[in-house]
Structure formats: C-alpha cells, structure tokens
Number of protein chains: 2
Amino acid sequence: MKKADSNSGSTTVYEVARVAGVSVATVSRYLNGTARVSDDKRKVIESVIDKLNYKPNMLAQSLKMGSSRTIGVLTQSLVSDYFNEAMSGIDQTMKAAGYAPLIVSGHWHASDEAERIELLIARRVDGLVILTGKLTDEQILSFSERVPIIAFGRELSAKNAFGFCLDNYKAACEAVEYLVMQGHRAIAFIAGPDQADARARLAGYRDTLERHGIDVNPSLIVPGDFQELGGVLAVNQLLESGQRFSAIFAANDLTAYGARLALYRRNIRVPEDISIIGFDDLHSSMYTTPPLTTVRQPLLEVGQRIGEAMLKLIGGQKVRFEVPPLSLVVRESVRRI
Amino acid sequence: MKKADSNSGSTTVYEVARVAGVSVATVSRYLNGTARVSDDKRKVIESVIDKLNYKPNMLAQSLKMGSSRTIGVLTQSLVSDYFNEAMSGIDQTMKAAGYAPLIVSGHWHASDEAERIELLIARRVDGLVILTGKLTDEQILSFSERVPIIAFGRELSAKNAFGFCLDNYKAACEAVEYLVMQGHRAIAFIAGPDQADARARLAGYRDTLERHGIDVNPSLIVPGDFQELGGVLAVNQLLESGQRFSAIFAANDLTAYGARLALYRRNIRVPEDISIIGFDDLHSSMYTTPPLTTVRQPLLEVGQRIGEAMLKLIGGQKVRFEVPPLSLVVRESVRRI
DNA sequence: TTGAAAGCGCTACCAA
DNA sequence: TTGGTAGCGCTTTCAA
C-alpha cells in the first residue's frame, strides 16, 4: 500500500486500485483479461480508470514481460523512397500486431550499422529488420544470437535469422531482353555502387547481351552511384567518349532520372533519340517525362512480407516464403527502332 | 543476491556484480560515473563486463529514471519526401543527444493521429513532435499536459508546447511576383487540400495578382490534392476550360510534376509554351525536365530546429527561435515572356 | 569508497 | 474470484 500515492506524473495501478478499493492484482487482471473479475468490481475499476484517465506504463509492462512490443528497423537512409516504401509495408503489418517500429539509419556504413543495432538491442527490441547495408552475414548471424533478425538484400537462413533477396539478375535480364526486342543493340549500362543488387543487374546486362550474340562493349559500361548525380555524370562520360548507343539501362531509377536530365541538357530526346530503362519503379517514375519504363520492385509487399516473417520469427515459428517477383513495367521511355 | 542468476536471456548487473565480487551499486556507479570507484574494482568490473558482454537494459533504466530517451514523431506519411526530410533533421539532432525516434503515421486523419499519440504516450516518450496533421490546437494543448510537444505547421505557445509555421504566404507572394516580373499575366493556380499551408499559398497568389492590378480569374484557380494526380487532373481541367494562361503556380512540387506530365501529354512545352512554378523544392525537383523553379522549404533545417526545440522543452527551458525563411529557387521551368 | 535495500509500475504466482 | 507479494533490471539513497 506504500506505493499508493506515487508522486510521479502519471496514474499507476496502485492509484486505481486504492480508489477503486480493490487490489492491484485485480486491476491488472481486469486490464489484461487474465482472469475473471466480478461484475461489480469490474464496473468500479472501469469508472476509476476513466476518471483518473489511467494508462498503463508500457515501459513497466515491457520490463516485466520481457517484451517491448517494439521492433527495430535498420534502414540506410531516412529520405530514400526505395527504403521508405518497404518501411511502410513493415509498419502496416507490425502495427496491426501491436508493434511499433524504432527506426534507425546506418548510412551504408558498417560500423554505424553495428552501433545502431547495439542501441536497438539495448532498447530490447523484440526483433530486428535489416534493410541491406554493409554488414557481413557473419555479423548478422552473430547479432541474431541476441535478437531475431529478418534481413532484406541477402540470403540467410539460420535458427534465429532469415534473409532474402529479390531476383535482380533475372529482372535485369528481362529489362535488357526488352531493349533488344525493341531493336536496340548498342545499349549502355550505368552501373551502381559495389553492392550485391547492383552487381546482379550488371551481370544480367552482360549475360543477356551475350545470349543475343551482342558484344559487350566495355566503354558502354560506366560507373554510377544509385543517385541522380551519378546518372548525369555517366551520360556526360558516355557522350564525350564518342561511343554510339541507342539505349541506356540505368542501374536504378534515380540514376535514370539523372541520365534523363543530362540528355535533356544536350537536347537529346527521350525516347526518340535515346531510350532509357530504369530499375526500382519508384513512385515518381510514373510522372517523369516521359514516364519511365522500368523494373518494378514490389517494395510495399516486400515490407509486408518482412513484417509477417518477423512476427513468425518472434513467435518462434519457422520462416519460409515465396519471394515476390520483379516485373517489367513498360511506359514511354523506350522506343522501338 | 537472490537475483544473481536470473534466467532471462541477457546478462544483468547482478551477474556482473557477482562475478566481479562487488555490489550492484558499485557496478551501476561505474556504469554511470555517478561516483568514484576505486581503480582495482573499476578494472575488474570492466573486464567482467567485457567478458560477459553485458549491456544495460534500457527498459529498466527508463522505468527507474522516468525517462525513455525516446521521442515520438507523428508524421502524416511514411513515404513522403516532404516529411522525411524534416524527419531526417529531427533524427540528426535527437540522435546526437542520445534519443531515438519512435515514428508513427497519422495519415492526415485526426482520430488516427490521436490514437497513435496515445500509443506514444503509453510508451512514455519524453517528448512528441507533431508534423502538421488534422488535430485541433486544443487537442494538442491537451496532449501537452501529458508530454512536451513541438508542432510544425501551426502557431502554438504554451507552457509545455511550442508550434510554428513557415511563412507560406510570403513565399507564395514571392513566387507569383517572380512570375509577374517575367511578364506573366494569366497565371493559373492549382490549389492544395483544405489545410493552412495550402490556403496561405492561395492567398499569396490572390493578393499578389491584385497588388499588380491583375484580375484574379476564378476559372484559373483549380483544385488539387498536393499529389501528382491532382496536378494532371487540374491541367486537364484548365486546358479543357479553354482559358488562356501562360503560367501555372502549383501549390506544391508534386502537383507541379503532375501538371508537367499532363502538359507533356498534349505536347505543350515547358517553359516555352507554359511556365510552371512549384512549392517545396523536393530533392527530385532538381532533376525534372526542365528542372523546376520552386519555393524552397528548408525542411532539413526545420527538422534540426525542431530537435533543438524538443531538447529545450524536455529540459524545461523556454523555446523560442527564428523561423527559417523560405526562398525562391530559380531553375528552368519559367520563361520570360 | 562501498554495500544493503527500497522502489520505478507492472504481472503472475500462491493462498485464501 | 480475490489479495498479498515477489521480482523484471536498474539507480540511488542511507549507513557504514
């Protein structure tokens, strides 16, 4: 009874119990439906809770229960449409299950990522989702001994961790295939950073060209950075090299936007003079001029799947699911020649 | 000593204390530097912490200290570049102060917002930032009795709450002024939703026109929704109305993107045939074709300011700051006629 | 400088 | 059905 008049800001179960003339245990039972509470007590508790505007302290609940109903999400950039679409999917399914996301950013920097993850673990998140990044699989596996992990952008399958990739290679093949079918032969590729997805897209480009008996011309492959700026620089380099090409496969949509602007600056029309195809299908790609033909990554769905997988992992179940497929979305930035 | 061998997953202070042969109090003191700890004890504690890989349980700390070192952020959309830039600024300054953000979305729906805020309060966030939204000032003030609040998108000044707006009206005036200076007289306006900022922009449009003795033509004002789709619909409506105009002032950049696409579809060139000016200066606006002339909202800075203000409010200090100014950024979507 | 112990707000066990 | 109480992991008096 000593705790009954706590001086801290919010009302506690003790207050409620005291005012209602019952024990804290009964209040707790009422709150959680753990056991039957007689009608009269229930009513009085209800009214007291209402009068005192009592809200349970989740911190205390978490400490007691050993579960914070919070999951950590490690993204790489808070301002990336790409990551945020997945985030949105994760949020949807986790919120429905009563979880809130603690979002931190690793900025594509392994040591930052590790540090942020430690923070998340210190906060006792019930699970952790890692959106790509620079950590090694070993590091992730090691973290997974302390918290269940779902990783996007790497294949992983352990007791307490699951990771998956979308089939970037296959989708890149499709994209290039499409270009070839439209009559393009001299196809430039603006690469991405040194990262698995980017490499898979490059490989798809190379292999598809070869499969069609088209020589891959090394000077048609230029570096990019998955950002718009890389796209403009790349096109400048391509143009200055004097190489001829009728189409550009950009490693992602952002790169395509930059490429498109560089072309615009030189009065080169898209798609009349040069065709462009992107990768990601960011929302904005529907509204570029011309609307961008690109590979769709179903990121919202990916996020939802991640959420479901997380829930399973937390519940101690085995995770296993169909990886959503990528698909080409044809808009207006590629011309048949 | 009874707690020494807790069975829960992680190591606790008790474990550390036992192995190190000291009391938990001493371990705690070492951890927080609350008091001097003798060199020998310090060393052994250090090594035990290391060996056991002990990490303090922040949940327990929070419960004890009455502070979760977490702030809640209520945004309206997890996938909005606009909100996320501010989010990024908030994250920067709060992270530096050891706070982590719990991000929830209200989807521009008052009852959702209220519900999410309750959730944040239940999780005992130390502060709350509200990015615009549909709540009334009264509601916010009422919430501020339970948690310190910084609000963006409304003027507010109370004991435990502070809110501010950017000067949308003035910036809209500048934008229209610029159009007029470039020789435009027939200027269409694509409005935003029923919301303070959108209204201020409309007012700026109206007043500036009048100030220049230009009649405001009601059929040149068409509705929009702050999204791309609203922009295309608006331009279609404008064009079909048969009204003549040489420039469009879009209530925000997204709207401008949509408008630009609608124009593209009809082979109307920008800026040769019609000029467009936007509002927000989203990152993408640098890469549209042509790059968009627009009003810059320094959202990253806004976020940082919010973070600083939050820290002050949490610290019980008075909040008061210069609201960062908006500014016109001239790119290539407006032509002099 | 150190340790014992109280208590943050809650849940759940054990008795009644 | 109910109440008393231990204890989640931590910090911080109070004494020594």
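Residues numbered from 1 in each chain as written. Chains lettered and ligands numbered in written order. Predicted model: local features only at pLDDT ≥ 70, side-chain atom pairs only at ≥ 80, totals over all residues. Heavy atoms only, no water.

Caption draft 1: Region of the structure containing helix 9 (residues 196-211) of chain A. Residue and element names in this part refer to chain A. The end-to-end C-alpha distance of helix 9, which contains 16 residues, comes to 22 Å, matching closely the 22 Å that a straight helix rising 1.5 Å per residue would cover. Within the sequence span of helix 9, burial applies to Asp197, Ala198, Arg201, Leu202, Gly204, Tyr205, Thr208 and Leu209. Projected down its long axis, helix 9 carries its buried residues within an arc of 155°, all on one side. Seen from the buried face of helix 9, the exposed residues on the opposite side, beyond 90 degrees, are Glu210 and Arg211. Each element contacted by the buried residues of helix 9 is listed here: helix 5 (81-96), helix 8 (168-181), strand 7 (187-190), strand 8 (221-222) and strand 9 (247-250). A positive phi of about 70° marks Gly213, the residue just after helix 9. (Helix = DSSP H or I, 4+ residues; strand = E, 2+ residues; numbered from the N terminus. Expected span 1.5 Å × (residues − 1). Buried < 20%, exposed > 50% of the residue type's maximum accessible area, 1.4 Å probe, protein only. Arc of directions from axis to C-beta. Contact = heavy atoms within 4.5 Å.)

Caption draft 2: Examining the packing of aromatic side chains more closely. Residue and element names in this part refer to chain A. By the definition in use, this model includes 16 aromatic pairs over all chains. Ring centres of Phe83 and Trp108 lie 5.9 Å apart, and the angle between their planes is 55°; on these two criteria the pair is classed as tilted. Here Trp108 lies in the loop between strand 2 (100-105) and helix 6 (110-122) and Phe83 lies in helix 5, a separation of 25 residues in the sequence. One aromatic cluster is present, built from ring pairs that chain together Phe152, Phe162, Phe164 and Phe321. (Phe/Tyr/Trp six-rings, centres within 6.5 Å; stacked < 30°, edge-to-face > 60°.)

Caption draft 3: Spatial organisation of the layout of surface pockets. Of the volumes computed, that of the second largest pocket is approximately 1,400 Å³. In this structure, the second largest pocket is lined by 39 residues; those nearest its centre are A:Arg124, B:Thr11, B:Pro56, B:Asn57 and B:Ala60. Secondary-structure elements contributing two or more residues to the lining of the second largest pocket are helix 4 (58-65) of chain A together with helix 1 (13-20), helix 2 (24-32) and helix 4 (58-65) of chain B. Sort the elements by how many residues they give to the lining of the second largest pocket and helix 4 of chain B lands first, with 7 residues. Looking at the lining of the second largest pocket residue by residue, the class counts come to 16 nonpolar, 16 polar and 7 charged. (1 Å grid on protein atoms, 1.4 Å probe; cavity = no way out; pocket = protein on both sides within 12 Å on 5 of 7 lines; lining within 4 Å. Points joined across faces, edges and corners; volume = space filled by probe spheres on them. Nonpolar A, V, L, I, M, F, W, Y, C, P; charged D, E, K, R; others polar.)

Caption draft 4: Up close: unusual backbone geometry. Residue and element names in this part refer to chain A. Residue Val270 is joined to Pro271 through a cis peptide bond whose omega torsion reads 5°. Residue placement: Pro271 occurs in the loop between helix 11 (253-265) and strand 10 (275-277). Of note in this structure, Thr132 is not a glycine but carries a positive phi near 45°. As for its placement among the helices and strands, Thr132 is situated in the loop between strand 3 (127-131) and helix 7 (137-143). A relative accessible area of 4% places Thr132 in the buried class.

Geometry only, nothing functional implied.
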